Amino acid sequence: MFAAIVAGIMFWQTSLTATMLQRGLWLCGALLCQLRLLANLFDGMVAIKRQIASKKGELYNEVPDRVSDAAILIGLGYAVGGVPALGYLAALLAVFVAYVRAVGKAAGAPQDYCGPMAKPQRMALITITAVYLALSPTPWQYPYYVVNGLLAVIIVGCLFTAIRRLRSAAHYLELSQQ
């Protein structure tokens, strides 16, 4: 969660700095997004390998994930060229995608991590975009279009993902009652 919060801050800071420093902030934000994913992956792997996975651990895994999603996406909304409302909407929908999965599980459906815009896909797109903005020549950057285009893709992708997960859970529950 700490890596994600700092990544969000790095993205936000791109709107307050000169071009050369922006490049470093984009790259740092990209690396921190990947560090967030690695920490999340290792946490789960260690819990399973040591056989200490629990319902309480699941709870403490989910809450920081939602904070992490929000921090990164809201930070992108405030990044150079970003529109804060798009960052907030992307964050809301990312949390909604996880909410649909959690409600489906609570209702008796299996965990559904399908995409097209689950956490790994969101982080991959964010990382690729941040690396592009860090390494591409300045005339190719167009941060207004790139950042807002990224947020728009995440928003639309999260809507499709939530609908897909909802339909999948409903279908499973319908079949299990027959």
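Below or above, wherever it landed, is the structure these notes cover. Remember, it's a predicted structure, so these values are computed and weren't measured experimentally. Numbers given to residues run from 1 along each chain, matching the order in which its sequence is written. Side-chain atom pairs in this predicted model are given and counted only at pLDDT of 80 or more, local residue features only at pLDDT of at least 70, and totals for whole chains, interfaces and linings cover all residues. Only hydrogens and water are set aside when side-chain values are computed; all heavy atoms of the structure are taken into account.

### What to know about helix α2 (residues 19–49)
Then comes step 1: Strands here are runs of E lasting at least two residues and helices are runs of H or I lasting at least four, both read from the DSSP assignment and numbered beginning at the N terminus. Working rule for helices: expected span equals 1.5 Å times residues minus one. The terminal C-alpha atoms of α2, which comprises 31 residues, lie 45 Å apart, in line with the 45 Å expected from a rise of 1.5 Å per residue.
Then comes step 2: Every buried residue belonging to α2 is among Q22, R23, L25, W26, G29, A30, L32, C33, R36 and A47, and all of these are buried.
Then comes step 3: Note on contacts: a residue pair is in contact if any heavy atoms of the two residues lie within 4.5 Å. In this fold, the buried residues of α2 make contact with α1 (2–13), α3 (55–77), α5 (119–135) and α6 (143–176).
Then comes step 4: A positive backbone phi angle near 55° is found at Q51, which sits one or two residues after α2. We call a residue buried when its accessible area falls under 20% of the maximum for its residue type, exposed when it is over 50%, and partly exposed in between, using a 1.4 Å probe and counting protein chains only.

### Some thoughts on the pattern of salt bridges
Then comes step 1: Note on definitions: salt bridges are taken to be side-chain nitrogens of Lys or Arg within 4 Å of carboxyl oxygens of Asp or Glu. If you walk through the whole model with that rule in mind, you get 7 salt bridges.
Then comes step 2: Among the salt bridges present, the one from D65 reaches K119, with a minimum N-O distance of 3.0 Å. Taken together, the positions of D65 in helix α3 and K119 in helix α5 put the pair 54 residues apart, joining distant regions of the chain. Taken as a pair, D65 and K119 share a single burial class, namely buried.
Then comes step 3: Taken together, the salt bridges that share partners define one network made up of R36, E62, D65, R66, D69, R101, K119 and R122.

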